[in-house]
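What follows is the residue order along each chain.
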Amino acid sequence: MARVRVQNFAISLDGYGAGPNQDLEHPLGVNGPELMEWFFQTRVWRQMHGQADGEAGIDNDVAALGFAGLGAWILGRNMFGPVRGPWPDNAWKGWWGDEPPYHTAVFVLTHYARPPLRMAGGTEFHFVTDGIHSALRQAIAAAGGKDVRIGGGVSTIREYLKAGLVDELHLAIRPVLLGAGEPLLTGIDLRAIGYQCDKSIAGERATHVFLRKRT
Ligand SMILES: NC(=O)c1ccc[n+]([C@@H]2O[C@H](COP(=O)([O-])OP(=O)(O)OC[C@H]3O[C@@H](n4cnc5c(N)ncnc54)[C@H](OP(=O)(O)O)[C@@H]3O)[C@@H](O)[C@H]2O)c1
């Protein structure tokens, strides 16, 4: 059965999944790139960006798992871009250029409707204005039996966790302090919702923790 997965999601030691003050210059918020240093060095990330180099190793192996077996993605509107409020036009097409790294249908949660956006390489962004359950239904249908990955950002993952809709959650815990930003787990009792820690693996630049929802 298709699983709903959060993978490769980085948090700081103090629990933030993004830094403060996201904007065009700071897609991950101020100091946010420190969260992703474990990923930026991997062969997986470098190949996604057209580079032949990059490190093999544990971080790379774990990163690769996060892209295996996926049939659709769900993103929050802030992860899709820096535009807030009503779309002024349809010019913004995501951070990722003409060929985003998804290669599937991607359902973007937003309060502001927009026509679907087809990109090179098979990515098609659909803007969903009727909530997380609708986005998940549409994603599962589009995934055709493969898994659905909730890509982020922070508030989107929080919504799906609170609703108990995430089957598997992989956190890459980075040994950095952000001090401020978007906290991932504050106020969410994962244990009460039914999550348990399956395993943790020390990678080169992050500790990978895998949680699973009890069935
Ligand atoms: N640490 C990591 O590994 C990682 C991974 C991915 C992303 N990120 C970072 O996370 C940050 C973004 O996270 P975020 O928490 O600011 O925002 P987000 O989850 O990406 O998006 C939140 C926005 O999505 C829309 N939305 C969410 N739920 C909705 C619902 N139920 N109905 C309608 N609209 C809904 C709303 O936008 P509107 O009301 O404006 O339409 C809301 O403000 C970025 O900095 C990104 O780079 C980090």
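Before reading on, note that the structure itself is shown above.
All of these numbers come straight from a predicted model, not from anything done at the bench. (Residues numbered from 1 in each chain as written. Predicted model: local features only at pLDDT ≥ 70, side-chain atom pairs only at ≥ 80, totals over all residues. Heavy atoms only, no water.)

Engineer: Give me the overall build of the protein: which residues, what numbers.
Structural biologist: Secondary structure assignment for the protein yields seven helices and eleven strands. Taken over the C-alpha trace, the protein has a radius of gyration of 16 Å; the compact-globule value for 215 residues is 17 Å, and the two agree within 12%. C-alpha extents for the protein along the principal axes are approximately 45 × 40 × 35 Å. A burial count over the protein gives 45% of its 215 residues as buried. (Helix = DSSP H or I, 4+ residues; strand = E, 2+ residues; numbered from the N terminus. Rg over C-alpha atoms; globule rule 2.2 N^0.38 Å. Buried < 20%, exposed > 50% of the residue type's maximum accessible area, 1.4 Å probe, protein only.)

Engineer: Give a description of the packing of aromatic side chains that names residues and reports values.
Structural biologist: Applying the stated rule across the entire model yields 14 aromatic pairs. Between Phe67 and Trp73, the aromatic rings sit 6.0 Å apart at their centres with planes inclined by 40°, giving tilted as the arrangement. Given a relative accessible area of 26%, Phe67 falls into the partly exposed group. With 6.3 Å between their ring centres and 50° between their planes, Phe80 and Trp96 make a pair best called tilted. One end of the pair, Phe80, is in helix H4 (residues 77-80); the other, Trp96, is in the loop between H4 and strand S4 (105-109), with 16 residues separating them in the sequence. Taken together, the ring pairs in this structure connect Trp38, Phe39, Phe67, Trp73, Phe80, Trp87, Trp96, Tyr102, Phe125 and Phe127 into an aromatic cluster. Across the ring face of Phe67, the terminal group of Arg149 is positioned such that the distance to the ring centre comes to 4.9 Å. (Phe/Tyr/Trp six-rings, centres within 6.5 Å; stacked < 30°, edge-to-face > 60°. Lys NZ or Arg CZ within 6 Å of the ring centre and 35° of its normal.)

Engineer: Would you mind going over helix H3 (residues 58-65) in detail, with residue names and values included?
Structural biologist: Taken as a whole, H3 has its buried residues at Asp59, Asn60, Val62 and Ala63. Axial view of H3: buried residues confined to an arc of 165°, hence all on one face. Buried residues in H3 make contact with strand S1 (4-12), helix H1 (37-40), helix H2 (43-48), strand S8 (168-174) and strand S11 (207-213). (Arc of directions from axis to C-beta. Contact = heavy atoms within 4.5 Å.)

Engineer: Talk me through the sheet that holds strand S5 (residues 117-118); I want residue IDs and the actual numbers.
Structural biologist: Across the sheet, which stays open at both edges, the nine strands sit in the order S5-S6-S4-S3-S7-S1-S8-S11-S10 with mixed pairing between neighbours. This sheet does not close on itself; its edge strands, each paired only once, are S5 and strand S10 (195-202). Across six bridges, S1 lies against S8 in parallel orientation. Paired with Phe9 across the bridge in S8 is Leu171. (Pairing = 2+ DSSP bridges.)

Engineer: Tell me what's going on with the site of the ligand, and back it up with residues and numbers.
Structural biologist: Lining the immediate surroundings of the ligand are 24 residues, of which Pro27, Arg77, Thr110, His111 and Glu159 lie closest. Interatomic distance of 2.8 Å between a backbone N/O atom of Ser155 and an oxygen atom of the ligand. The contact in question runs from an oxygen atom of the ligand to an N or O atom on the side chain of Thr156, over 2.7 Å. Protein coverage of the free-state accessible area of the ligand, which is 940 Å², stands at 87%. (Near = heavy atom within 4 Å. Polar contact = N/O pair within 3.5 Å; in protein donor to acceptor, adjacent residues only side chain to side chain. Areas by Shrake-Rupley, 256 points an atom, 1.4 Å probe, with all protein chains shown as cover.)

Engineer: Explain the pattern of salt bridges residue by residue, including any values.
Structural biologist: Going through the model one piece at a time under the given rule, you end up with eight salt bridges. The closest approach of N and O atoms between Asp147 and Arg5, which form a salt bridge, is 2.8 Å. Of this pair, Asp147 sits in strand S7 (residues 147-152) while Arg5 sits in strand S1, and the two are 142 residues apart along the sequence. Taken individually, Asp147 and Arg5 each receive the classification buried, so the pair is uniform in this respect. (Salt bridge = Lys/Arg side-chain N within 4 Å of Asp/Glu carboxyl O.)

Engineer: Go over the side chain of Glu124 with me, naming the residues and quoting the values.
Structural biologist: Tracing the backbone through its elements, the reader meets Glu124 in strand S6 (residues 124-128). Here Arg118 takes part through its side chain, which lies 2.6 Å from a polar atom of the side chain of Glu124. Within the local environment of Glu124, its side chain forms a polar contact with the side chain of His126, the two groups lying 3.3 Å apart. The residues contacting Glu124, other than those within four sequence positions of it, are Thr104, Ala105, Val106, Pro116, Leu117 and Arg118.

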